[in-house]
Structure formats: structure tokens, C-alpha cells
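# Fold and geometry: a report
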Amino acid sequence: MKKRILLWIVIVLLVLVSGTPPRANAGDTLAGRAPAALLKAVEPEALNIRAFHLVSENEGWLLLNQTLAWTRANSLTIAQTTDGGKSWNSYPLSLFAPGDPDASASASYLDWLDPQTGWLVVRRASSSNFDIGVLFHTVDGGKSWTRLTAPMGEPVYFVTSTSGWMAGGPAGDRLYRTMDGGSSWQIQTLPFAANRSTVQHVYTPHFANEREGLLAAIVAEPGETRLKFLSTQDGG
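From a predicted model like this one, the values you see are computed outputs, not experimental measurements. (Residues numbered from 1 in each chain as written. Predicted model: local features only at pLDDT ≥ 70, side-chain atom pairs only at ≥ 80, totals over all residues. Heavy atoms only, no water.)

Right, let's talk about the overall build of the protein for a bit. A tally of regular secondary structure across the protein gives two helices and 16 strands. Counting contacts in the protein only where the partners sit at least 6 residues apart, residues at least 24 apart contribute 43% of the total. Accessible surface for the protein amounts to roughly 12100 Å². Of this, 54% is attributable to carbon and sulfur atoms. (Helix = DSSP H or I, 4+ residues; strand = E, 2+ residues; numbered from the N terminus. Contact = heavy atoms within 4.5 Å. Areas by Shrake-Rupley, 256 points an atom, 1.4 Å probe, with all protein chains shown as cover.)

What follows is the structure in C-alpha cells.
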């Protein structure tokens, strides 16, 4: 019981501090601090680090981005380490056809379930009134990717190979779920909507396992605004 309570405390702190799941990206916070081993694996001008993800203390991925000033298109490369960053293998990504407007990205996000299974979200550059994204899926460690649909261009979080979540949107109040690995998505209705409450911001759920999860949301009620939590024992 004490271990479970401690686990939920850690999850709540992650929600409040980062607003993203435990496997989420650091994004641009790593820009300009690439390890020397990575410099040998890719061209130096491509080292604009957009996302990273670790599945263990030794194995992880970096998503690298180079923007072409005259086209605003993005050249993406994924780099993988299996020895804690001492060495890296990189793979250029050919995700978009020439002229595809989705190739003009403002943000990118990675999520990995295991060393072979991962997802990549590319958010299209647009005004704050829109939130458009494309989802890609790999089952071979990032060597090849399949294009899927995404309800918006926000970080994705998969609990299993089929069950995943995405939260955010232009107003930050939308929550979507997929039960088929990202091929289709369904918007979720939260019980906060009762009693004249309005959800102002919803965070991506966190799961301790396939069934037990916690979701946080900022909810406006008559006379006050609160941070509230919902828990699930059946996978959501």
C-alpha cells in the first residue's frame, strides 16, 4: 500500500511540474547541448534537437531538425543510443511528400512504448487558433514509419500498443483517446462539465499500469478555479 501511495504522489508531481507523461519529451531544452558522440553521427547543422525519449538508462532516441530557410520545410533525423549516449546511430526521416503543408513544423514529440514501438507527432506551423498535427508509428525502432491520423498536434502518450491519449488543442481543453494504435481517435467527455463547471485545461493522463491512471484538469466553477483529479481503475 505504501509503495502504491508513493507512486501516485510521484505521478501527481509529474503532472503539476511538466504537464506531460513520464515518458514525454524535453523538446528544445536540449538544443545546443548535443554530446560529442552525436556530432559524429549527423551533420552539425542538423543539430536542432526537438525531442528526446528514454526507455531505459541506456537506450533512447533524439529527434533532430533542420529548417530550410527558403522553403520552411523541415529535414528530420532520428538518432538512437543503446549505451547511454556513448555512441549513436542516426536515420534520416522521409515523412512528407514535396509540397506537403504538414512538413512545415512548429514542434515535434516522441513517445516510445518499448525499444521497437514508438510514435512521432509533428505539429504544423499555424496560428494559435489552430492545432493541426500528423502522427507516425514505427515498429522497427525508428527505421521506418507509417503515417496515421492525429486529432491535433500535441504530445501523445501510449499505455499499450493500442491504447493512447492526447490532450490539449487550441484552448487546451480537449482530451482524445485511441484504442487502435492511433488509426482513429475519439473525443472524451469529462464529468467536470456538470454543476456549471468549465474545463479550462486538461493534462495528459498518467498510468501506473494498463488499468490504473490519473488525470488532472484545471476546472472553473462559480466563484473559483481549481485543479482537480480523476482516477480510473479500468484503463479509462
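The sheet contact formed by strand β15 (residues 213-221) and strand β16 (residues 224-232) spans nine bridges and is antiparallel. Residue pairing in the sheet places Glu-221 in a bridge with Glu-224 of β16. (Pairing = 2+ DSSP bridges.)

Here the focus is the confidence of the model for the protein. Mean pLDDT over the protein: 76, with 71% of residues reaching 70 or higher. In this model residues 5-10 is a low-confidence stretch, pLDDT under 50, and it forms six contacts with partners more than four residues away in sequence or in other chains. Counting interchain partners and residues more than four positions distant, the pLDDT-below-50 stretch residues 12-33 has 43 contacts. (pLDDT = per-residue confidence, 0-100.)

Moving on, we come to the nonpolar core. One broad rule of soluble globular proteins: the nonpolar side chains tend to lie buried together. Grouped together as the largest cluster of nonpolar side chains are 17 residues, with contacts concentrated most on Ile-78, Leu-93, Leu-95, Leu-110, Leu-120, Phe-136 and Trp-145. Elements supplying a minimum of two residues to this core: β2 (60-67), β3 (74-81), β4 (89-93), β5 (105-112), β6 (118-124) and β7 (133-138). When neighbours within four sequence positions are excluded, Leu-95 is seen to be in contact with Leu-76, Leu-120, Phe-136, Trp-145 and Arg-147. If you look at the next biggest cluster of nonpolar residues, it comprises 13 residues, including Leu-135, Leu-148, Phe-158 and Trp-185. (Core = buried A, V, L, I, M, F, W, Y, C linked by side-chain atoms within 4.5 Å. Buried < 20%, exposed > 50% of the residue type's maximum accessible area, 1.4 Å probe, protein only.)

With that settled, the discussion passes to the sheet that holds strand β11 (residues 174-178). Read from one edge to the other, the open sheet built from four strands follows the order β9-β10-β11-β12, with strand pairing classed as antiparallel. Looking along the sheet, the strands with just one partner apiece sit at the ends: β9 (156-158) and β12 (186-187). As defined by bridge partners, strand β10 (residues 164-168) adjoins β11 across five bridges and the pair is classed as antiparallel. Paired with Ala-167 across the strands is Leu-175, a residue of β11.

This paragraph deals with the packing of aromatic side chains. Under the counting rule described, the total for this entry stands at five aromatic pairs. Here Phe-158 and Trp-185 contribute two aromatic rings whose centre-to-centre distance is 6.4 Å and whose plane-to-plane angle is 70°, an arrangement assigned as edge-to-face. You can see Phe-158 sitting in strand β9 and its partner Trp-185 sitting in the loop between β11 and β12, a full 27 residues away along the chain. In this structure Trp-185 comes out as buried when scored by relative accessible area, which is 14%. Ring centres of Trp-165 and Phe-207 lie 6.0 Å apart, and the angle between their planes is 25°; on these two criteria the pair is classed as stacked. Taken together, the residues Trp-165 in strand β10 and Phe-207 in strand β14 (residues 206-207) connect sequence positions 42 residues apart. Taking the relative accessible area as the measure of exposure, Trp-165 reaches 4% and is therefore buried. By relative accessible area, Phe-207 is classed as buried at 10%. Put simply, the rings of Trp-61, Trp-112 and Trp-145 touch in pairs and so form one group of aromatic residues. (Phe/Tyr/Trp six-rings, centres within 6.5 Å; stacked < 30°, edge-to-face > 60°.)

We now examine the environment of Arg-50. By the element assignment, Arg-50 lies in strand β1 (residues 48-54). Judged by its relative accessible area of 9%, Arg-50 is buried. Residues Arg-50 and Ser-106, spaced 56 residues apart in sequence, show a C-alpha to C-alpha distance of 9.7 Å.

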